[in-house]
Amino acid sequence: MMKYSHATKVAASLVALAICSGAAFAQKGKFDSGKDEYDSNCAVCHGSDAKGKGPYIEFLRLAPTDLTTLAKRNGGVLPVNRLYETIEGANVPAHGSRDMPIWGGAYRAEAREFLVGPNQNREGYVRSRILTLIDYLNRVQVR
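Residues numbered from 1 in each chain as written. Predicted model: local features only at pLDDT ≥ 70, side-chain atom pairs only at ≥ 80, totals over all residues. Heavy atoms only, no water.

It is worth spelling out the state of the cysteines at this point. Summed over the entire model, instances satisfying the criterion amount to zero disulfides. No disulfide involves C42; its nearest neighbouring cysteine sulfur is the one of C45, lying 8.5 Å away. (Disulfide = S-S within 2.5 Å.)

Written out as structure tokens, the structure reads:
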């Protein structure tokens, strides 16, 4: 049987909470952390409706993706791993180009600022932010 560290268990709990609570909060009309994450970081390019027509569109080389059709364009399945990698940005070549910000780096910087001291799960913080956003994107898919 595998043993997991306390930090790993906390991270898994945060992820599960982020995924499960997003839809529940949205249904009850309360704060929606996934929508807030989207509105704060994505809407300027992808639009408030996630269809790719945000107010920054005229400043971009390429038109942003319509995020509401990701599952439809992938055989009805939201490409969670690809989305995670795109948002996190770790696999971007050092000297390559990328139009979208690398949110994983931004979240890590926030984690270093807000989660000070020993035993802080900074990677769990990054993962939960990204998964919360992916949960929201799942909820806005055209089915």
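Picking up after the structure, the text goes on.
Residue position: S48 is located in the loop between helix 3 (43-46) and helix 4 (80-88). A relative accessible area of 59% places S48 in the exposed class. Through-space distance from the C-alpha of S48 to that of Y38 is 8.4 Å; in sequence the pair is 10 residues apart. Sequence-distant contacts of S48, that is, excluding residues within four places in its chain, are made with Y38 and A43. (Helix = DSSP H or I, 4+ residues; strand = E, 2+ residues; numbered from the N terminus. Buried < 20%, exposed > 50% of the residue type's maximum accessible area, 1.4 Å probe, protein only. Contact = heavy atoms within 4.5 Å.)

A cluster of nonpolar side chains, namely V44, Y56 and F59, defines an oily patch on the protein surface of about 320 Å² accessible area. Looking at where F59 falls in the secondary structure, it is placed in the loop between helix 3 and helix 4. Relative accessible area serves as the criterion here: at 62%, F59 is assigned to the exposed category. (Patch = residues over 30% accessible without salt bridge, like charges linked within 9 Å, V, L, I, M, F, W, Y side chains within 5 Å. Areas by Shrake-Rupley, 256 points an atom, 1.4 Å probe, with all protein chains shown as cover. Salt bridge = Lys/Arg side-chain N within 4 Å of Asp/Glu carboxyl O.)

Let us look at the side chain of T68. Tracing the backbone through its elements, the reader meets T68 in the loop between helix 3 and helix 4. Residue T68 is classed as buried on the basis of its relative accessible area of 3%. Reaching out from T68, the side chain makes a polar contact with the side chain of D66 at a distance of 2.5 Å. (Polar contact = N/O pair within 3.5 Å; in protein donor to acceptor, adjacent residues only side chain to side chain.)

This brings us to the nonpolar core. Within the largest apolar cluster, 19 residues are counted, with the highest numbers of intra-cluster contacts made by Y38, L83, I87, I134 and L137. Here this core gets seven residues from one element, more than from any other, and that element is helix 6 (residues 122-139). Residues in contact with Y38, not counting those within four places in the same chain, are A43, H46, G47, S48, A50, L67, L133, Y136 and L137. (Core = buried A, V, L, I, M, F, W, Y, C linked by side-chain atoms within 4.5 Å.)

What follows concerns helix 6. Helix length check: helix 6 (18 residues) gives 26 Å between terminal C-alpha atoms against 26 Å at 1.5 Å per residue, within 8%. Of all 18 residues that make up helix 6, 13 are buried, and the element is covered over most of its length. (Expected span 1.5 Å × (residues − 1).)

Time to look at the packing of aromatic side chains. Taken as a whole and assessed by the stated rule, the structure comprises three aromatic pairs. Here Y38 and Y136 contribute two aromatic rings whose centre-to-centre distance is 5.4 Å and whose plane-to-plane angle is 35°, an arrangement assigned as tilted. Of this pair, Y38 sits in helix 2 (residues 33-41) while Y136 sits in helix 6, placing them 98 residues apart in sequence. Of the two residues, Y38 and Y136, neither departs from the other in class, the shared state being buried. (Phe/Tyr/Trp six-rings, centres within 6.5 Å; stacked < 30°, edge-to-face > 60°.)

It is worth spelling out the pattern of salt bridges at this point. A full pass over the atoms with the stated rule returns seven salt bridges. For R139, the salt bridge is made with D32, and the minimal N-O distance between the two is 2.8 Å. In this pair, R139 sits in helix 6 while D32 sits in the loop between helix 1 (6-28) and helix 2, placing the two residues 107 residues apart along the sequence. Taking relative accessible area as the criterion, R139 reaches 28% and is therefore assigned partly exposed. Close ionic contact of E110 with R129 constitutes a salt bridge, the shortest N to O distance being 2.4 Å. You can see E110 sitting in helix 5 (residues 103-114) and its partner R129 sitting in helix 6, a full 19 residues away along the chain. The network of salt bridges with shared partners includes D32, D135 and R139.

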